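Letter by letter, the chains look like this.
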Amino acid sequence: MISIPTAHALLLAGVLFLLGLVGVIVRRNIIFILLCLEIMLNASGLAFIAAGFHWGRPDGQIMFLLILAMAAAEVSVGLALMLQLYHRSHTLDADQADRMRG
Amino acid sequence: MNVLFYIAAAVAVICTIMVITNMNAVHALLYLIVSLLSLALIFFLLGAPFAAALEVIVYAGAIMVLFVFVVMMLNPESQTIRSRKQLLRPGMWFGPAVPAAILLGELIYVLTAARGTFPANVVVEPHELSRTLFGPYVLCVELASILLMAGLVGAYHLARPEALETSEGDDR
């Protein structure tokens, strides 16, 4: 039988979230910014699963399902915006988008 | 069996670090897929088999395919041919293959050692999960469906061919 301490699972979630946050701040390629957003959403899902494991309740997994649906919607809109940016400025650098007017 | 969790956690953290330090988008995607698979194994060890299956199917399957699709679409032709030649070199796929092999070994060990039972002492079965999801949480299901519909309409509106053509016309 396995008995993982909840604190360790939450610590892993925190580390993964921090890595994603660092990636969002450091990287300027818009593909990598979206990837790091995915990492952060996944880490929050892990925190919910760990909490559900701690109390033996299904609510944590339900929140994970909702996060999954939200991530799917976010990725589809984000990638469409990325295509628009690439067709407008022919670059994937997020800093180039500061010249948008209107 | 606790050591399985720590190995999978180490694989997840290392692969995530490789994602944010990688310069090539396709390689970063490969590492991210391995990281998601290790998180799926962690979900399984934490007594959430349904969430683990969804993590593999929806995250590592559907969402990452969307990413790969867009990255391949944006690559210029010459770069694509060059990267195809690079893909045949062993050094390209060796990095993600090793942690994936570690995860496969862990999965085989879990499945053979458990003999049909779940490794965790507290397991939330899909039956109980769906009873709760469509009981007290049914409003959240409706909200999620509205959100997905908004995502669908927004993605279609932003990436439709007329919008891309007019934006190209603005450039000239």
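Residues numbered from 1 in each chain as written. Chains lettered and ligands numbered in written order. Predicted model: local features only at pLDDT ≥ 70, side-chain atom pairs only at ≥ 80, totals over all residues. Heavy atoms only, no water.

Could you clarify how one ought to interpret the interface of chain A and chain B in this entry?
Accessible area lost when the parts come together is the quantity often used to give the size of an interface. The partner chain B presents 64 residues to the 57 residues of chain A that form the contact. For the chain A and chain B pair, buried surface summed over both sides reaches about 5700 Å², with 78% attributable to carbon and sulfur atoms. The tally of links from chain A across to chain B stands at zero salt bridges. Counting across the interface, chain A meets chain B through eight residue pairs in polar contact (both at pLDDT 80 or more). When residues of the side of chain A that touches chain B are traced back to their parent elements, those giving at least two are α1 (6-26), α2 (30-55) and α3 (59-89) of chain A. Here the element with the most residues in the side of chain A that touches chain B is α3(A); it accounts for 24 residues. Looking at the side of chain A that touches chain B residue by residue, the classes come out as 41 nonpolar, 11 polar and five charged. (Contact = heavy atoms within 4.5 Å. Buried area = accessible area lost by both parts, 1.4 Å probe. Salt bridge = Lys/Arg side-chain N within 4 Å of Asp/Glu carboxyl O. Polar contact = N/O pair within 3.5 Å; in protein donor to acceptor, adjacent residues only side chain to side chain. Helix = DSSP H or I, 4+ residues; strand = E, 2+ residues; numbered from the N terminus. Nonpolar A, V, L, I, M, F, W, Y, C, P; charged D, E, K, R; others polar.)

Please clarify how empty space enclosed by the protein should be interpreted in this entry.
Over the atoms rolls a probe the size of a water molecule, and its path tells where empty space is left. Counted by the stated rule, this structure contains two cavities of 30 Å³ or more. Estimated volume of the largest cavity: approximately 60 Å³. Along the walls of the largest cavity sit Ile49(A), Gly52(A), Phe53(A), Gly56(A), Arg57(A), Gly60(A), Gln61(A), Leu46(B), Gly47(B), Ala48(B), Val122(B) and Val124(B), which together make up its complete lining. At the level of elements, α2 and α3 of chain A are the ones that each hand at least two residues to the lining of the largest cavity. Considering every element that reaches the lining of the largest cavity, the biggest residue donor is α2(A), with three residues. Classifying every residue of the lining of the largest cavity by side-chain character gives six nonpolar, five polar and one charged. Roughly 40 Å³ of volume is contained in the second largest cavity. Around the second largest cavity, the lining residues are Leu16(A), Glu38(A), Ile39(A), Asn42(A), Ala43(A), Thr16(B), Leu32(B), Ser35(B), Leu36(B) and Leu39(B). (1 Å grid on protein atoms, 1.4 Å probe; cavity = no way out; pocket = protein on both sides within 12 Å on 5 of 7 lines; lining within 4 Å. Points joined across faces, edges and corners; volume = space filled by probe spheres on them.)

Even after reading the chapter, I still don't get helix α7 (residues 138-159) of chain B, so can you show me in this structure?
Along an α-helix, residues three or four positions apart point the same way, because every turn accommodates 3.6 residues. Across its 22 residues, α7(B) extends 32 Å between first and last C-alpha, which sits within 8% of the 32 Å expected from 1.5 Å per residue. Among all positions in α7(B), only Ala144(B), Gly151(B) and Ala155(B) are buried. Looking straight down α7(B), one finds that the buried residues subtend no more than 25 degrees of arc, so they occupy a single side. Exposed residues on α7(B) whose side chains face more than 90 degrees from its buried face are Leu139(B), Leu143(B), Ile146(B) and Tyr156(B). Looking at the buried side of α7(B), the elements it contacts are α3 of chain A. (Expected span 1.5 Å × (residues − 1). Buried < 20%, exposed > 50% of the residue type's maximum accessible area, 1.4 Å probe, protein only. Arc of directions from axis to C-beta.)

So yeah, pure geometry; function would need other evidence.
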